[in-house]
Amino acid sequence: MFDGSVNELTRPSKPRKEQKAKSRDLKKEKKQKTLYISLDMNRKLIELYGEEGRRQSVIVEDAVNLYYYLKLALGEKKFDELMSAVKKEDPEFLRGYMERFRL
């Protein structure tokens, strides 16, 4: 029989070293977020994926970086103008608009 006290029986066990290692690994893992996009955006993403032959996550990461650094480089007002030009979804109009930004 058990010759210890009742407290020893009811006390939680100490975490094993394996569990600590697992929790450390989980902290290092990349966190994945769910991205909700429209059907049109999904079509564009699939088209880019086919043309580029890259993973969708890489394409989305590139898009986020482009958005972020353009916003920093252009400033709020010019960036909003650029985004309104992009929303027209007319490549020729956008090409003409981008001519103004050439150095």
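Residues numbered from 1 in each chain as written. Predicted model: local features only at pLDDT ≥ 70, side-chain atom pairs only at ≥ 80, totals over all residues. Heavy atoms only, no water.

Regarding the packing of aromatic side chains
Within the structure shown, the criterion is met by two aromatic pairs. Geometrically, the ring pair formed by Tyr68 and Tyr69 is edge-to-face, given 4.9 Å between the ring centres and 85° between the ring planes. (Phe/Tyr/Trp six-rings, centres within 6.5 Å; stacked < 30°, edge-to-face > 60°.)

Thoughts on the packing of helix H3 (residues 39-52) against helix H4 (residues 56-74)
For the pair H3 and H4, interaxial distance at closest approach is 10 Å and the crossing angle is 110°. What the angle tells us is that H3 and H4 run roughly perpendicular. In this structure, H3 contributes Leu45, Ile46, Leu48 and Tyr49 to the contact, and H4 contributes Gln56, Ile59 and Val60. Residues belonging to the contact of H3 with H4 are distributed by class as follows: six nonpolar, one polar and no charged. (Axes fitted to C-alpha atoms, helices over the stretch in contact; angles between N-to-C directions. Helix = DSSP H or I, 4+ residues; strand = E, 2+ residues; numbered from the N terminus. Parallel < 35°, antiparallel > 145°, perpendicular 65-115°, else oblique. Contact = heavy atoms within 4.5 Å. Nonpolar A, V, L, I, M, F, W, Y, C, P; charged D, E, K, R; others polar.)

Digging into the layout of surface pockets
By volume, the largest pocket amounts to about 980 Å³. Around the largest pocket, the lining is made up of 25 residues, and of these Met41, Lys44, Leu48, Ala63 and Val86 lie nearest the centre. Mapped onto the lining of the largest pocket, the elements with two or more residues apiece are H3, H4 and helix H5 (76-87). If one sorts the elements of the lining of the largest pocket by residue count, H3 sits on top with nine residues. (1 Å grid on protein atoms, 1.4 Å probe; cavity = no way out; pocket = protein on both sides within 12 Å on 5 of 7 lines; lining within 4 Å. Points joined across faces, edges and corners; volume = space filled by probe spheres on them.)

Some points on H4
An ideal rise of 1.5 Å per residue puts 27 Å on 19 residues; H4 measures up with 27 Å between its terminal C-alpha atoms. Residue Gly75 follows H4 closely and has a positive phi angle near 90°. (Expected span 1.5 Å × (residues − 1).)

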